[in-house]
Structures are given as C-alpha cells and as structure tokens.
Amino acid sequence: MSVPVYPMTRATGCPFDPPPQLRDLQGEAPLVKVQVLGRTAWMVTRYADQRKLLADPRLSSDVGKPGYPNSVARPVQSDEDTGIGFILMDDPEHSRLRRMVTAPFMIKRVEAMRPQVQEIVDNLIDDMLAGPKPVDLVTAFALPVPSLVICRLLGVPYEDHDFFQQNSKTLIRTSASIEERTEARNNIGRYLNELMGAKLANPEDDLLSGLAERVKAGELTRRDAAGIGVLLLIAGHETTANMIALGTLALLEHPDQLAVLRESEDPKLVAGAVEELLRYLNITHNGRRRAVLEDIEFAGEVLKAGDGVIFPNDLGNRDADAFPDPDRLDVSRDARHHIAFGFGVHQCLGQPLARMELQVVYGTLYRRIPALRRAVGLDEIPFKHDGAVYGVYSLPVTW
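The model shown is predicted, which means the values in this text are computed figures rather than measured ones.

Undergrad: What am I meant to see in the packing of helix α11 (residues 222-252) against helix α15 (residues 351-368) here?
TA: Between two packed helices, the angle of one axis relative to the other and the distance separating the axes together describe the packing. Where α11 meets α15, the axes come as close as 11 Å, and the angle between the chain directions of the two elements is 35°. Taken as a pair, α11 and α15 cross one another with a handedness that is right-handed. Here Thr240, Met243, Ile244, Gly247, Thr248 and Leu251 of α11 come into contact with α15, specifically with Ala354, Glu357, Leu358, Val361, Tyr362, Leu365 and Tyr366. Across the contact of α11 with α15, the residue classes tally to nine nonpolar, three polar and one charged.

Rendered as structure tokens:
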C-alpha cells in the first residue's frame, strides 16, 4: 500500500473544504502514515486525539529534533537570521520567552484596543466607499487592518508595510525557492534587529521597547528580542488578513449565513460567528508539526522516538464527533472548542487580539456595505494553494 504525500492539494473541489483524500484517511484510522519531503511521519486525523497529543510533553516543537517533519526545506542559517522567536522551542525556554510578551495580548488589554481597531476599520471602509469600484478587498482592507494594528502594538512604522508584507509572503510561500526564503528571512531579521537598536536608544510605549528593556536588564539577547519581533510581526498580520478575506468570501458564498450576521446587532452572535469561521476555514493548511522525544503508545500504534507527527487542524475541526454536520457553515453554532489556534502550551499567543479584530471586522463591514458582492467569478479568484497560510491573493468586490 502506497503512503500518501502530505500536504494534499486543494486545487480542486470546494475551496473551503479539506481535500477529499484527507477526509478518506480520517475515516480509515486515528493515526496514518504519510510522506513529508520523502520521509514518513504519522498524521493524527481526529479532533480528540489531536488535543491529547498536542498537550503531550513527549512531543517536541523544536525543528532541530530528529524526525521533525518539515514541510519545506529550512532557510539557510546566517549571521542575519534572528529566527522566529519562541514558536519552535520547547519548555522551559519557550515559556520563559513567551511570558515576556504575554501581557499585551491578555483579554483586558486587547479589549482596551477595540475602539482603536473600530476606528481603523471604519476609516478603511470610508476610503473604499469613496473610491472606485470594483476594489480588491485584500489590498484595500484585509491586509491594512491587522497590519495597522500590529504595527501600533509593536511600535513598527506602518510606512514600512510594503517591505515586511512582501518578505513575509515569500517566507511562508511553500513554492518559493530556498534561496528566496532565506533572503526574505534575512531581510526581516535585519529589519527587526535594526529596529530593536532604535528602541534600545530611544524607547517608546510599545511592545518592542518593552523587549528592549529586557535586553538592557540582561534577561534577553538583542538577537532573541528581534526574533520575537519577527514572529509577532509576521503572525500578527498574515493570519488575520487571510481570515478577513477568506471569511468574507465564505460568507458571500453562503448568503443565508451572511444575512444572519449582517442583520444581528448581538455581539455574542458576532463573536460566535468568528469562532465558526475559524473552525470552518482553518487557514493553516500545513498542519502543526512535532517530533517524538520518547516512545508513546497511542491508538494501537507506537510513536517511536525520532518519528515525526503532523496535526492537520483543518481535519480535526471537520471531525463529526466534535462538530455535527462539520462541512456546513453555521454562524449560530457553538464552535468555541475548535483548534484553529492550536492546543496546549503552544496555543497561539495572539488569539485574543485576532478574535477582537475579526469581531470588529465581521460586525462592521457587511452592515456598512450591505450590498457587498464578488466582482468576478469564483473560478477567477486566485487561492493560496502554495502557502503555509491559506487564503486568497486578491478578492475583487463591488456593491
């Protein structure tokens, strides 16, 4: 029996659903073997099992561990490479570094930013309404919203957005060559390192300046501080931007659900719709990756030390045992237990900020532009089948 190659194509069929062959594997067994870059790894197919194993300390997030199932060749290490923070580290170092930036992402602090985010969203919608039609929702709205927010939070000049957006796109594009991705990673690392130098010299009231203070106190190296900045800058705009555009497209393709969201002024319904869209869309389509540190008996199999493990959250969030009728978009569903943000100690740090931004966007855009619609056919929209973060490259809309 041949071992299937992961990830699997989404170039055909419904652009919002996992590939049919992936769903077939889910029906076969809770653990199946797949090929990743010519090596065999385990794939965990079901929701409950993913949660259990993602919380297991015997699995490592460190890409340097034997068996870690990289989806693409890693960028070449260089003196300019700051890395991408603590996301690919294990405890205790992971927790030590993560705690340094936890406070700005706590719910109370994030909620205090809601009026600023609302102003950003309203201003961008004003600009769209005053401009020509059709308009690309990605460049006019979906990218600027989270980019402006994360720049304000970190203390990154927004006028540099073209630079960091372009380099981050290259870094997460799986079809990019190793040379292109290495150059992009070095570019962003150099940029954040220089910015950290500016914060060390002239601190301001922002997150990067807070990290600079820890560098001065000897708690953190400048290189590590810049690496955390790279992580937060990339994750802080790429994922949310794709959720805004792809979520809008999904709602336009489900007009009954869009009507429910557009016509409601209940913030709880809007918040619930955000959770359902996060579950339904799952913009991270390369699965979370781990390496096995010691033998684990699980679901009738033995995960051996040095094995790789993949957790396709798009498959876990379409598990009928956890979400009845999982392929149906239902904004009234209680989907808060989804794993779009992961699970365990590596659960996404920025999820309160992402949720708040999406609540403001989904609760505002469709009410202010009630006639919003696609300006081109669905088959003319370029989907990011070559990206570690799924979405659309452009979304022409009109009203």
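Moving on from the coordinates now.
Undergrad: Please clarify how helix α5 (residues 114-130) should be interpreted in this entry.
TA: Residue pairs spaced three or four apart in an α-helix point in one direction, given the helix's 3.6 residues per turn. Over its 17 residues, α5 runs 24 Å from end to end, which matches the ideal 24 Å to within 8%, given 1.5 Å per residue. Among the residues of α5, Val117, Ile120, Val121, Leu124, Ile125 and Met128 are the ones counted as buried. An end-on view of α5 places all buried positions within 125° of arc, on one side of the element. Residues Pro115, Asp127 and Ala130 are exposed on α5 and point more than 90 degrees away from its buried face. Considering only its buried residues, α5 is in contact with β4 (135-136), α6 (137-142), α7 (144-154) and α15.

Undergrad: I would appreciate a short explanation of the sheet that holds strand β5 (residues 288-292) in the present structure.
TA: By way of backbone hydrogen bonds, the strands of a sheet pair with one another, either parallel or antiparallel. On the basis of which strands lie adjacent, the open sheet formed by five strands has the order β1-β2-β8-β5-β3 and mixed pairing. Sheet topology places β1 (31-36) and β3 (59-60) at the edges, where each strand pairs with a single neighbour. Strand direction decides the pairing type here: β5 and strand β8 (residues 308-311), joined by four bridges, are antiparallel. Note on β8: the bridge partner recorded for Arg288 is Phe311.

Undergrad: Could you clarify how one ought to interpret the layout of surface pockets in this entry?
TA: Over the atoms a probe the size of a water molecule is rolled, and this reveals where empty space is left. Its volume calculated, the second largest pocket comes out at about 340 Å³. As for the second largest pocket, its lining consists of 14 residues, and the residues nearest its centre are Pro104, Arg109, Leu153, Asp206 and Leu207. Those elements that provide at least two residues to the lining of the second largest pocket are α7 and α10 (207-216). For the lining of the second largest pocket, the element with the most residues is α10, which contributes three residues.

Undergrad: Would you mind going over the packing of aromatic side chains with me for this structure?
TA: Centre distance and the angle of the planes are the two values used to describe a pair of aromatic rings. Evaluation of the coordinates by the stated rule reveals five aromatic pairs. With a centroid separation of 5.5 Å and an interplanar angle of 80°, the aromatic rings of Tyr47 and Phe323 are classed as edge-to-face. With Tyr47 in helix α2 (residues 47-54) and Phe323 in the loop between α14 (313-316) and α15, the pair connects residues that are 276 residues apart, well separated along the chain. Residue Tyr47 shares its accessibility class with Phe323, and that shared class is buried. With 6.1 Å between their ring centres and 15° between their planes, Phe383 and Tyr390 make a pair best called stacked.

Undergrad: Any chance you could explain the side chain of Thr240 here in plain terms?
TA: Within the secondary structure, Thr240 is located in helix α11. By relative accessible area, which is 4% here, Thr240 ends up buried.

Undergrad: I keep staring at unusual backbone geometry and nothing clicks. Help me out?
TA: Among all residues except glycine, the phi angle is most often negative; among peptide bonds, the trans geometry is most common. In the segment running from Tyr6 into Pro7, the intervening peptide bond is cis, with an omega of 0°. Mapped onto the elements, Pro7 comes out in the segment before α1 (20-28). Between Asp91 and the following residue, Pro92, the backbone shows a cis peptide bond with an omega angle of 10°. Mapped onto the secondary structure, Pro92 falls in the loop between β3 and α3 (93-99). A positive phi is found at Leu37, a non-glycine position, where the angle reads about 50°. Mapped onto the fold, Leu37 is located in the loop between β1 and β2 (39-44). On the basis of relative accessible area, Leu37 is assigned to the exposed category, the value being 56%. Here Ala299, not a glycine, exhibits a phi torsion of approximately 50°, which is positive.

Undergrad: Sorry if this is basic, but what is going on with the pairing of β2 here?
TA: In summary, the side chains of a regular strand alternate between the two faces of the sheet. Relative to β2, β1 runs antiparallel, the two sharing six bridges. Across the sheet, Lys33 pairs through a bridge with Trp42, a residue of β2. A loop of two residues connects β1 with β2, the two strands running antiparallel in sequence, and Leu37 in this loop sits at a positive phi of about 50°. Relative to β8, β2 runs parallel, the two being bridged by two bridges. Bridge pairing links Met43 to Ile310 in β8.

Undergrad: What is the right way to read the environment of Val63 from this model?
TA: With respect to the helices and strands, the residue Val63 is situated in the loop between β3 and α3. A C-alpha to C-alpha distance of 8.0 Å links Val63 and Met89, two positions 26 residues apart in sequence.

Rules used in this analysis
- Residues numbered from 1 in each chain as written.
- Predicted model: local features only at pLDDT ≥ 70, side-chain atom pairs only at ≥ 80, totals over all residues.
- Heavy atoms only, no water.
- Axes fitted to C-alpha atoms, helices over the stretch in contact; angles between N-to-C directions.
- Helix = DSSP H or I, 4+ residues; strand = E, 2+ residues; numbered from the N terminus.
- Left-handed = near helix turned anticlockwise from the far one by under 90°.
- Contact = heavy atoms within 4.5 Å.
- Nonpolar A, V, L, I, M, F, W, Y, C, P; charged D, E, K, R; others polar.
- Expected span 1.5 Å × (residues − 1).
- Buried < 20%, exposed > 50% of the residue type's maximum accessible area, 1.4 Å probe, protein only.
- Arc of directions from axis to C-beta.
- Pairing = 2+ DSSP bridges.
- 1 Å grid on protein atoms, 1.4 Å probe; cavity = no way out; pocket = protein on both sides within 12 Å on 5 of 7 lines; lining within 4 Å.
- Points joined across faces, edges and corners; volume = space filled by probe spheres on them.
- Phe/Tyr/Trp six-rings, centres within 6.5 Å; stacked < 30°, edge-to-face > 60°.

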